[in-house]
Amino acid sequence: MCLAIPGRILSVSGDDPITRIGRVDFGGIVKEINLAYVPEATPGNHVLVHVGFAITVIDELEAASVFEYLREIGELTEGAEVK
Amino acid sequence: MKFRDEYRDPTAARHLAAAIAGTVTKPWTLMEVCGGQTHAIVRFGIDELLPKMVTLVHGPGCPVCVTPLEYIDKAIEIAGHSEVILCSYGDMLRVPGSSGDLLSAKALGGDIRIVYSPLDALVIARAQPSREVVFFAVGFETTAPANAMAAYHAKREGITNFSMLVSHVLVPPAMRSILASPDNRIHGFLAAGHVCTIMGYEEYEPIAVQYRVPIVVTGFEPLDILEGIYLCVLQLEAGRAIVENQYSRSVRRDGNRQAKAVMREVFRVIPRRWRGIGDIAESGLGLAEAYADFDAERRFGPVRTAVDEQGVCISGNVLRGRSKPTDCPAFGTRCTPEQPLGVTMVSSEGTCAAYYRYRSANAGSGN
């Protein structure tokens, strides 16, 4: 039930912070999403959406950190195998 | 889909599994809190990638499962009023009450509608002012800001034909309850990434210290979960117990400030009974006094506490991580998603449903 789906904001409409709406693209399916909880969000941002609300703007730098970490781990495990 | 598919890469998953295997020297038992994580673990076979010394047990994080029986009964009762339109998330419709579920109440003529968002219930209330629209507000902290916003809008717009039957639950008190139990066997937690997206993780820091358990805020994709397990095991092997944030692309330490502000405005913390588990102090949310006019219990009478459920179902132990679904004599035979005996088989995120779908010998094709 706590599922949240990533999507990309195409456009934003509305001036009232609590009714601001974004058109969000989920891999080809576009839905209108409430942006009240992500006032910093702008078109082009990726957001996680839960029951019609964007709950966070995905931090793209942090998103890559898993893979940097993996590269380090990859080296470590390969090193271990050589021994 | 960007920010999803890349976290399902099998080669990277094998690297992480190898790193976990190379780290572990002692047996450890970890609990993933969230039903969404349980589902991913069983679906992608993450538990089967792990060394034998790492055991995953599944936690209580399925709000549909822990919503008390008496709230289901109350929702069915409210839906029986001819002027009422009862709106609910689809997951709740097949959850058994003491006699029947919302789906059968709908079949008997109740005007029960599945909504995707709580704001959809408000749209119905605006469009049909002569009807009483009641939204069945369940969920953990992830869903609370969305549900709170429905009440916030209703108050702001003066919508008088809208109310909410609120059965919200909070994760940290449930974790404390599990850790404080004399037979606790959990060494570390994977905390629920979307709950923490809303709340942040400051409130987990005293739990890690008090009970000396590592808590790793973890996402929902296979690489997230494997990295969460790896970070947790690294801490355990080093004798450390702190809160770490694996899911940093979504979670900040102080969470979502706007969402927490609306939650604080609309809700207050109350004691809550968890189905299958029992009463847990300060573990729920109810409407704040300023929003009492939108409380369905004020309009339709209070929820009466039901008697404890009896029978063969072991969902209470499954929800606490004490039993696996396969420990149950009824699993997959007398109890299936089509004919469920208990909540953990009903909800699509319930642990029994996940095992049935992906593990049982007579499971469907799954995906």
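These figures come from a predicted structure and were not determined experimentally.

1. Observations concerning the overall build of chain A
Then step 1. When its secondary structure is counted, chain A shows 2 helices and 5 strands.
Then step 2. Starting at the N terminus and walking to the C terminus, you meet the elements of chain A as β-β-β-β-β-α-α.
Then step 3. The 83 residues of chain A split such that 36% are buried.

2. Points about the interface of chain A and chain B
Then step 1. Between chain A and chain B, the residue contacts involve 32 residues of the former and 42 residues of the latter.
Then step 2. Among the elements of the structure, strand E4 (46–50), strand E5 (53–57), helix H1 (60–63) and helix H2 (65–82) of chain A are those that each provide at least two residues to the side of chain A that touches chain B.
Then step 3. Broken down by element, the side of chain A that touches chain B gets its largest block of residues, 9 residues, from H2(A).
Then step 4. The residue inventory of the side of chain A that touches chain B, partitioned by class, reads 21 nonpolar, 9 polar and 2 charged.

3. Structural notes on helix H17 (residues 351–358) of chain B
All names here are of chain B.
Then step 1. For H17, the tally of buried residues reaches 6 of 8 residues, placing the bulk of the element in the interior.
Then step 2. The set of residues buried in H17 consists of Thr351, Cys352, Ala353, Ala354, Tyr355 and Tyr356.
Then step 3. Contact partners of the buried residues in H17: helix H2 (35–44), strand E2 (54–61), helix H15 (315–319) and helix H16 (343–346).

4. Thoughts on the domain arrangement of chain B
Residues and elements named next belong to chain B.
Then step 1. Structurally, chain B comprises domain 1 (1–308) and domain 2 (315–358).
Then step 2. Taken together, the contact between domain 1 and domain 2 spans 24 residues of the former and 16 residues of the latter.
Then step 3. When contributions to the side of domain 1 that touches domain 2 are tallied by element, the ones reaching two or more residues are H2, E2 and helix H4 (63–66).

5. Things to note about the sheet that holds strand E1 (residues 28–34) of chain B
Residues and elements named next belong to chain B.
Then step 1. Read across the sheet, 5 strands follow the order E2-E1-E7-E8-E9 without closing on themselves; strand pairing throughout is parallel. Because the sheet does not close on itself, it has two edges, and the strands there are E2 and strand E9 (243–245). Across the sheet, the mean angle from the axis of one strand to that of its neighbour is 25 degrees, orientation sign disregarded.
Then step 2. As paired elements, E1 and E2 share 6 bridges and run parallel to each other. Directly across from Trp28, in E2, lies its bridge partner Val54.
Then step 3. In the packing of H2 onto the sheet, contacts are made with E1, E2, strand E7 (188–192) and strand E8 (215–218), and the angle to E1 comes to roughly 120 degrees.

6. Some points on the packing of helix H7 (residues 118–127) of chain B against helix H8 (residues 144–157) of chain B
The relative placement of two packed helices comes down to the angle between their axes together with the axis-to-axis distance.
All names here are of chain B.
Then step 1. Between H7 and H8, the shortest axis-to-axis distance is 8 Å and the interhelical angle comes to 25 degrees. For the element pair H7 / H8, the angle class is roughly parallel. Of the residues in H8, those touching H7 at Pro118, Leu119, Ala121 and Leu122 are Ala146, Asn147, Met149, Ala150, His153 and Ala154.
Then step 2. A breakdown of the residues in the contact of H7 with H8 according to their chemical character gives 8 nonpolar, 2 polar and no charged.

7. Description of unusual backbone geometry
Residue and element names in this part refer to chain A.
Then step 1. Non-glycine residue Val51 carries a positive phi angle of around 35 degrees.
Then step 2. For Val51, the location among the structural elements is in the loop between E4 and E5.
Then step 3. Judged by local crowding, Val51 falls into the buried class, with 24 C-beta atoms found within 10 Å.

Thresholds applied
Residues numbered from 1 in each chain as written. Chains lettered and ligands numbered in written order. Predicted model: local features only at pLDDT ≥ 70, side-chain atom pairs only at ≥ 80, totals over all residues. Helix = DSSP H or I, 4+ residues; strand = E, 2+ residues; numbered from the N terminus. Buried ≥ 20, exposed ≤ 12 C-beta atoms within 10 Å, placed from the backbone. Contact = placed C-beta atoms within 7 Å. Nonpolar A, V, L, I, M, F, W, Y, C, P; charged D, E, K, R; others polar. Domains from an automatic or database assignment. Pairing = 2+ DSSP bridges. Axes fitted to C-alpha atoms, helices over the stretch in contact; angles between N-to-C directions. Parallel < 35°, antiparallel > 145°, perpendicular 65-115°, else oblique.

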